[in-house]
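Structure at a glance
Residue-level listing of the chains:
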Amino acid sequence: MRRALNIAMPLIMLGIFVLAIWYTAFRLHIHFDTVSFWIYQTIVAAVVIGTFALFIVTMKFPNWFVRTMNLLGGYTLMFLAYLGITLGIAHIALLLWDIPLLLSGVAALVVAFAITLTGVVLGNMFIVRETKIKIPNLKNELSVMQISDAHIGLLYGKKYLSKIVDATNSKNPDFVVITGDLTETKAALEQGVLNSLANFNAPAFFVEGNHDNYTGIENVLKKMDEQNIRVLRNEVAKTHGIQLIGLDYLKADNETYDMHPSENKNTVKSVLSEIKLKKDIPVVLISHSPSGVKYAAAAGVDLMVSGHTHKGQIFPFSIFAKLIFPFYGGLYQHENTQVFVSSGAGGIFARMRLGSFNEINLLKLIPDEQLA
């Protein structure tokens, strides 16, 4: 079943992309019949294929020029995606009303550009989102800043990370948790890019994400050590009156389907079954992906803190994200375990947000009896 899904999902996505390329080119030809359909199709296909090719090249050769072209390619790709949607709406409108082809085509272009521009603006900023969470057996209120999915190195760089650190310090958290995908490419490991991490005014803990593995996990962990960030690798740290578990990037178990499967032989199930926890002391689990929640609940975890989903990042991909991830974004309750999923501080493919925000998360952990 898992093998069939691993084959089927890419094929379905490829089919959608091919259909979208054809339809967008076809409708452009209908509205603006100045050049042949094949020219439109070639242009659209070149942009789509070229953007994905640039992404692959950037992962291996993350120089300034290629990264810039990748950034512009991502914007163009999303513009074409929204243009396909607005042309589809125009197509429906033409079936219902007598609207000039040129006018409806221009309207589709303008609206697609406005949507893309909005996404670009939102993608170049982040917010600090505060969430109150009641924790049984907690003695004193704790303030924890979660930073997830910053994806430094491709679309986001040194200045963006420095702003995140400054915003974190301004909130005076008791400690910081970095829940994976801090890095995106080897560009994040260049001299000085991650240095601002040493400026946290509170203890900081790190767990890896799948993209940190793509970057080169041993080099990423070395950088964390250089910045005095404590790495948790399938282990427990006692801090501020809680038991803090940190997991490597793991699949839930060997049966559950995962779109981004880990090659690690360990699983959330196997690791949590081996960790010894003290009773009556709150347990917080940090793990990049919100997978294996049922095993966290079985282990007695009070709060699981994750990222990975990006909350879909960009509409309409957020629709698919909701279908893929049962814990999609925000605070959930599963049996006696609460699950908090951040939409992330950065993004992938395009430096854009629509339908979600780049965010770092101030988690106010409050003793059960104090939360009204």
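The structure this text deals with has already been given above.
Below or above, wherever it landed, is the structure these notes cover. (Residues numbered from 1 in each chain as written. Predicted model: local features only at pLDDT ≥ 70, side-chain atom pairs only at ≥ 80, totals over all residues. Heavy atoms only, no water.)

1. Here we look at the overall build of the protein
Regarding its fold elements, the protein presents 9 helices and 12 strands. Taken over C-alpha atoms, the radius of gyration comes to 22 Å for the protein, in line with the 21 Å a tight globule of 372 residues would show. With the C-alpha coordinates of the protein rotated into their principal frame, the extents come out at 70 × 45 × 40 Å. By residue count, 52% of the 372 residues in the protein fall in the buried class. Put simply, the protein shows about 17900 Å² of open surface, and 63% of that area lies on carbon and sulfur atoms. For the protein, the distance from the average position of its 31 positive side-chain charges to the average position of its 28 negative side-chain charges is 1 Å. (Helix = DSSP H or I, 4+ residues; strand = E, 2+ residues; numbered from the N terminus. Rg over C-alpha atoms; globule rule 2.2 N^0.38 Å. Buried < 20%, exposed > 50% of the residue type's maximum accessible area, 1.4 Å probe, protein only. Areas by Shrake-Rupley, 256 points an atom, 1.4 Å probe, with all protein chains shown as cover. Lys, Arg positive; Asp, Glu negative; His and termini not counted. Charge placed at Lys NZ, Arg CZ, Asp CG, Glu CD.)

2. Quick look at the sheet that holds strand S8 (residues 283–286)
In a beta sheet, neighbouring strands are held together by backbone hydrogen bonds and run either parallel or antiparallel to one another. Here we have 6 strands laid out as an open sheet, ordered S6-S7-S8-S9-S11-S10, and mixed in their pairing. Edge positions in the sheet fall to strand S6 (235–239) and strand S10 (330–334), since each of these pairs with one other strand and no more. With strand direction ignored, the average angle separating the axes of adjacent strands in the sheet is 20°. Note that S8 and strand S9 (residues 303–306) share 3 bridges and pair parallel. Along S9, the bridge assignment pairs Val284 with Leu303. (Pairing = 2+ DSSP bridges. Axes fitted to C-alpha atoms, helices over the stretch in contact; angles between N-to-C directions.)

3. Overview of the pairing of strand S2 (residues 142–147)
Counting buried positions over the 6 residues of S2 gives 6, a clear majority of the element. Of the two faces of S2, both are covered, the one formed by Leu142, Val144 and Gln146 as well as the one formed by Ser143, Met145 and Ile147. Pairing geometry for S2 and strand S12 (residues 359–367), over 5 bridges, is antiparallel. Note on S12: the bridge partner recorded for Met145 is Leu362. Two strands pair when backbone bridges link them, and S2 and strand S3 (residues 175–179) are joined in this way by 4 bridges, in the parallel orientation.

4. With respect to the sheet that holds S12
Read from one edge to the other, the open sheet built from 6 strands follows the order S1-S12-S2-S3-S4-S5, with strand pairing classed as mixed. In this open sheet, the two strands that pair with only one neighbour each are strand S1 (127–135) and strand S5 (230–231). In this structure, S1 lies alongside S12, joined through 9 bridges in parallel fashion. Counted as the bridge partner of Ile133 is Leu365 from S12. The strands that helix H5 (residues 158–170) touches are S1, S2, S3 and S12; relative to S2, the one it contacts most, it runs at about 170°. Running at roughly 150° to strand S4 (residues 204–207), helix H6 (residues 210–226) makes contact with S4 and S5 of the sheet. (Contact = heavy atoms within 4.5 Å.)

5. Overview of the layout of surface pockets
Here the idea is plain: a probe the size of a water molecule rolls over the atoms and shows the empty space left. When its volume is computed, the second largest pocket comes out at roughly 430 Å³. Lining the second largest pocket are 21 residues, and of these Thr256, Tyr257, Pro290, Ser291 and Pro326 lie nearest its centre. Among the elements that make up the lining of the second largest pocket, the one with the highest residue count is helix H8 (residues 293–299) (3 residues). Here the lining of the second largest pocket is composed, by residue class, of 10 nonpolar, 7 polar and 4 charged. (1 Å grid on protein atoms, 1.4 Å probe; cavity = no way out; pocket = protein on both sides within 12 Å on 5 of 7 lines; lining within 4 Å. Points joined across faces, edges and corners; volume = space filled by probe spheres on them. Nonpolar A, V, L, I, M, F, W, Y, C, P; charged D, E, K, R; others polar.)

6. What to know about the pattern of salt bridges
Considering all chains together, one arrives at 5 salt bridges under this definition. For Glu359, the salt bridge goes to Arg129, with nearest N and O atoms at 2.6 Å. With Glu359 in strand S12 and Arg129 in strand S1, the pair connects residues that are 230 residues apart, well separated along the chain. Judged by relative accessible area, Glu359 falls into the buried class, the value being 5%. On the basis of relative accessible area, Arg129 is assigned to the partly exposed category, the value being 33%. (Salt bridge = Lys/Arg side-chain N within 4 Å of Asp/Glu carboxyl O.)

7. Examining a nonpolar patch on the surface
Together, Ile16, Phe315, Phe317, Ile319, Phe320, Leu323 and Ile324 give the surface a local cluster of nonpolar side chains, amounting to about 670 Å² of exposed area. Among the elements that make up the nonpolar patch, the one with the highest residue count is helix H9 (residues 317–324) (5 residues). Considering the arrangement of structural elements, one finds Ile324 in helix H9. (Patch = residues over 30% accessible without salt bridge, like charges linked within 9 Å, V, L, I, M, F, W, Y side chains within 5 Å.)

8. Some details on the nonpolar core
Residues Ile152, Leu197 and Phe200 are the most contacted members of the largest nonpolar core, which totals 33 residues. Counting residues per element, this core draws most heavily on H5, which supplies 5 residues. If sequence neighbours within four positions are ignored, Phe200 has contacts with Ile147, Val165, Thr168, Asn169, Val176, Ile178 and Ile229. Grouped together as the second largest cluster of nonpolar side chains are 23 residues, Ala25, Phe32, Met352 and Leu354 included. (Core = buried A, V, L, I, M, F, W, Y, C linked by side-chain atoms within 4.5 Å.)

9. Focus: the packing of aromatic side chains
Counted according to the given criterion, the structure contains 5 aromatic pairs. On the basis of an interplanar angle of 80° and a centroid distance of 5.7 Å, the ring pair of Phe126 and Tyr160 is categorised as edge-to-face. Taken together, the residues Phe126 in the loop between helix H4 (101–123) and S1 and Tyr160 in helix H5 connect sequence positions 34 residues apart. Phe126 gets classed as buried once you look at its relative accessible area, which sits at 18%. Relative to Tyr160, the ring of Tyr156 has its centre 4.5 Å away and its plane inclined at 45°; by these criteria the two rings are tilted. Judged by relative accessible area, which is 2%, Tyr156 ranks as buried. The structure contains a cluster of three or more aromatic residues connected by ring pairs, namely Phe126, Tyr156 and Tyr160. (Phe/Tyr/Trp six-rings, centres within 6.5 Å; stacked < 30°, edge-to-face > 60°.)

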